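# Breakdown of the fold
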Amino acid sequence: MHRDLNATDSVPWSGPKLDGKGGELITTDPNGTCSTLFQATNGMVIGLCTRYKEGDGGLEVDRPVVVLFDPETAEPVATLEMERHGLLGGVYGYLDASDQVIIAEGHDICTVVHRYNGEKWELKVDSRTRLTSLPEDAQLAGLIPDGEGHTWFITQDATIGVVTPSGDVSILLAEGEAVANGLVGRPNGVSVLTTHALYEVELDGGEINVVWRTAYDRGSARKPGQLSWGSGTTPTFFGPEGAWVAIVDNADDAPNLLVLSAETGEELARMKAFETSGQGTENSLMADGNTLWIPSTYGFTYPEQAVNGPSVPADADFVGGLTRIDATEDTDGVSLTRVWETGASVATLPILTREDRRIWSMSTDADDHVVSFAAVDADTGEEVFRREIGEKPLDDPGQMTGVITPGGVFWQATFFRMHVLKEK
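Summary of the structure given here. (Residues numbered from 1 in each chain as written. Predicted model: local features only at pLDDT ≥ 70, side-chain atom pairs only at ≥ 80, totals over all residues. Heavy atoms only, no water.)

## Side note on a negative patch on the surface
Filter applied, for reference: Nonpolar side chains (Val, Leu, Ile, Met, Phe, Trp, Tyr) within 5 Å and like charges within 9 Å form the patches, drawn only from residues with over 30% relative accessible area and no salt bridge. With residues, only the protein chains shown are counted as cover, and all accessible areas are computed by Shrake-Rupley using a 1.4 Å probe. We count a salt bridge whenever a side-chain nitrogen from Lys or Arg sits within 4 Å of a carboxyl oxygen from Asp or Glu. Under this rule, positive means Lys or Arg and negative means Asp or Glu; His and the chain ends count for nothing. Where a charge lies is defined by one atom per residue type, namely NZ (Lys), CZ (Arg), CG (Asp) and CD (Glu). A run of H or I in DSSP counts as a helix once it spans at least four residues, and a run of E counts as a strand once it spans at least two, with each numbered from the N terminus. Accessibility here uses a 1.4 Å probe with only protein chains present; expressed as a share of the type maximum, an area under 20% marks a residue as buried, one over 50% as exposed, and anything in between as partly exposed.
A surface patch of negative charge is lined by Glu136, Asp137, Asp157 and Glu175. Counting through the fold element by element, Glu175 comes out in the loop between β14 (167–172) and β15 (184–186). Since its relative accessible area comes to 70%, Glu175 is described here as exposed.

Encoded structure:
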């Protein structure tokens, strides 16, 4: 979901190279809400999606599905239904080096493959690994590989585990903590952000070792525009050879950007995450070199079934915002400088394309109603592209994750549709 082992939410190529008319736009119906997208090496695009059904109180989660899309037409060509065992387990999966989707189903880690059988494309579960170390009532919240190729898993109640050649092992990080964000793969372990603290965890001699734990200010309640009571960010590793890790806390009045040592967890620098933007974020930080970009989600409305507990205040306007902060190593440690801050309304998990220095997302208008593709100059904060694609609620972007392929094609789902933007 966050593009690389450092969770930089960036890719080294360019986004769509667009003409004066805004390129070519393709819209299809994936029959589900596709929160995460990948592209396989054969060009096929794969979505981790959630199917909804009508319930007594409106739409409710039916089941997770894996959807295979034709890269030219964006039409779904195969769908695989999975069993429902908690929302996050069907969101935080990954695509491995063999183009296999690794996803959780109950206490199984499933390997999903896609093949053309001579007549049509198909998706199927090729293998299952049963996790035997978990408590019976544990709900998986995500999977990630580390630099050694191990698959790590996390439960919503902060049990962390890993699959080894001799079986799986797991430990409870702490009583009373929860996980509502993704894991980050490390060279021989993972970085885990719970609703209370950031952990660095490694595999050592077949056992799980907590290298360090750093608590943060989780505030007094969940903010509107966040999913849980605590930080909404996935850890982002950046700086010289990935020596620093950044999160945004959940301090009541104004959340802080925290930069920590990746080796020790020691705090190296902090500053207010935002000045003029909404004071909170559920989105991961983008990074390139010593620079971070932080989008605000304060006030964004998520589906009721996705959030955990009441927010304070109960609701707020989605004002948006995006800021760039540079980190500089000096004799006193690390200093932080805000380079710019804009009112950009970022309504999906943004993606930085490093070759053309653009930040891509879907965006909403001043009334938070019209939905558009948009791009911002990563160096200046200036908006450089906007193209309207629809309106809420049909095209509610939901802060979901798109993908920009090496060919410069931008795939982004909304609640009910798939939109693809590419050069004509």
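Additional details are given in the paragraphs that follow.
## Quick word on the sheet that holds strand β24 (residues 291–295)
So the rule is basically this: Any two strands with at least two DSSP-identified bridges between them are counted as paired. Interaxial angles span 0 to 180 degrees and are taken between N-to-C directions of axes, which are lines fitted to C-alpha atoms, for helices over the stretch in contact.
With antiparallel pairing, four strands are arranged side by side in an open sheet as β23-β24-β25-β26. Two strands bound the open sheet, and with one partner strand each, they are β23 (286–288) and β26 (333–342). Between one strand axis and the next, the sheet turns through 20 degrees on average, direction left out of account. Two strands pair when backbone bridges link them, and strand β25 (residues 322–330) and β26 are joined in this way by nine bridges, in the antiparallel orientation.

## Considerations on the state of the cysteines
The cut-off we apply is this: A pair of cysteine sulfur atoms is labelled a disulfide when the two atoms are within 2.5 Å.
Counted according to the given criterion, the structure contains one disulfide. Across the disulfide from Cys34 sits Cys49; the S-S distance is 2.2 Å. Because the sign of the S-S torsion sets the handedness, a value of about 90 degrees for the bond joining Cys34 and Cys49 places this disulfide among the right-handed ones. Within this pair, whereas Cys34 is found in strand β3 (residues 33–39), its partner Cys49 is found in strand β4 (residues 45–55), the two being separated by 15 residues in sequence. Here Cys34 and Cys49 have matching classes, each one buried.

## As for the pattern of salt bridges
Applying the stated criterion across every chain, the model contains 21 salt bridges. The closest approach of N and O atoms between Lys392 and Asp368, which form a salt bridge, is 3.1 Å. On the criterion of sequence distance, the pair formed by Lys392 in the loop between β30 (383–391) and β31 (403–404) and Asp368 in the loop between β28 (358–364) and β29 (370–377) is long-range, its members being 24 residues apart. Assessed through its relative accessible area of 16%, Lys392 is described here as buried. Note that Glu383 is salt-bridged to Arg386, the shortest N-O span being 2.9 Å. On the accessibility criterion, Arg386 (37% relative accessible area) is partly exposed. If you follow the salt bridges from partner to partner, you end up with Glu105, Asp108, Arg128 and Arg130 in one network.

## Considering the environment of Glu75
Definition in use: Whether two residues are in contact is decided by their heavy atoms, any of which lying within 4.5 Å being enough.
Among the structural elements, Glu75 can be located in the loop between β5 (58–69) and β6 (76–81). The exposure class assigned to Glu75 is partly exposed, which follows from its relative accessible area of 40%. For the pair Glu75 and Asp29, spaced 46 residues apart in sequence, the C-alpha separation works out to 7.4 Å. Contacts of Glu75, omitting those with residues within four sequence positions, involve Thr28, Leu68, Phe69 and Asp70.

## Remarks on the side chain of Arg338
To keep it simple, the criterion reads: Two N or O atoms form a polar contact when they lie within 3.5 Å of each other; inside protein one atom must be a possible hydrogen donor and the other a possible acceptor, and for residues adjacent in sequence the pair counts only when both atoms belong to side chains.
Counting through the fold element by element, Arg338 comes out in strand β26. Polar contacts involving the side chain of Arg338 include one to the main-chain carbonyl oxygen of Lys272, which spans 2.5 Å. If sequence neighbours within four positions are ignored, Arg338 has contacts with Met271, Lys272, Ala273, Phe274, Glu275, Thr323, Arg324 and Ile325.

## Things to note about the pairing of strand β9 (residues 108–116)
Here β9 lies mainly inside the structure; seven of its nine residues are buried. Pairing geometry for strand β8 (residues 101–105) and β9, over five bridges, is antiparallel. Of the residues in β9, the one forming a bridge with Ala104 is Ile109. Counting the residues between successive antiparallel strands, the hairpin from β8 to β9 contains two residues, one of them, Gly106, with a positive phi of roughly 65 degrees. Pairing of β9 with strand β10 (residues 121–130), which is carried by nine bridges, proceeds in the antiparallel orientation. Pairing of His114 across the sheet is with Leu123, part of β10.

## Description of the sheet that holds strand β2 (residues 24–28)
Taken in spatial order, the four strands line up as β2-β33-β32-β31 in an open sheet, and their pairing is antiparallel. Edge positions in the sheet fall to β2 and β31, since each has one partner strand and no second. Of the pairings in the sheet, the one linking strand β32 (residues 410–413) to strand β33 (residues 418–422) comprises four bridges and is antiparallel in character. Of the residues in β33, the one forming a bridge with Gln412 is His419.

## Structural notes on the pairing of strand β16 (residues 189–193)
Counting buried positions along β16 yields five of five residues, so the element is predominantly enclosed. By the alternation rule, side chains of β16 split into Gly189, Ser191 and Leu193 and Val190 and Val192, which are all buried. In this structure, β15 lies alongside β16, joined through three bridges in antiparallel fashion. Each bridged residue has a counterpart across the sheet, and for Val184 the counterpart in β16 is Ser191. Two successive antiparallel strands, β15 and β16, enclose a turn made up of two residues. Pairing between β16 and strand β17 (residues 197–204): five bridges, direction antiparallel. The residue of β17 that forms the bridge with Val192 is Tyr199. Here β16 hands over to β17 after three residues, the two strands then running antiparallel side by side.

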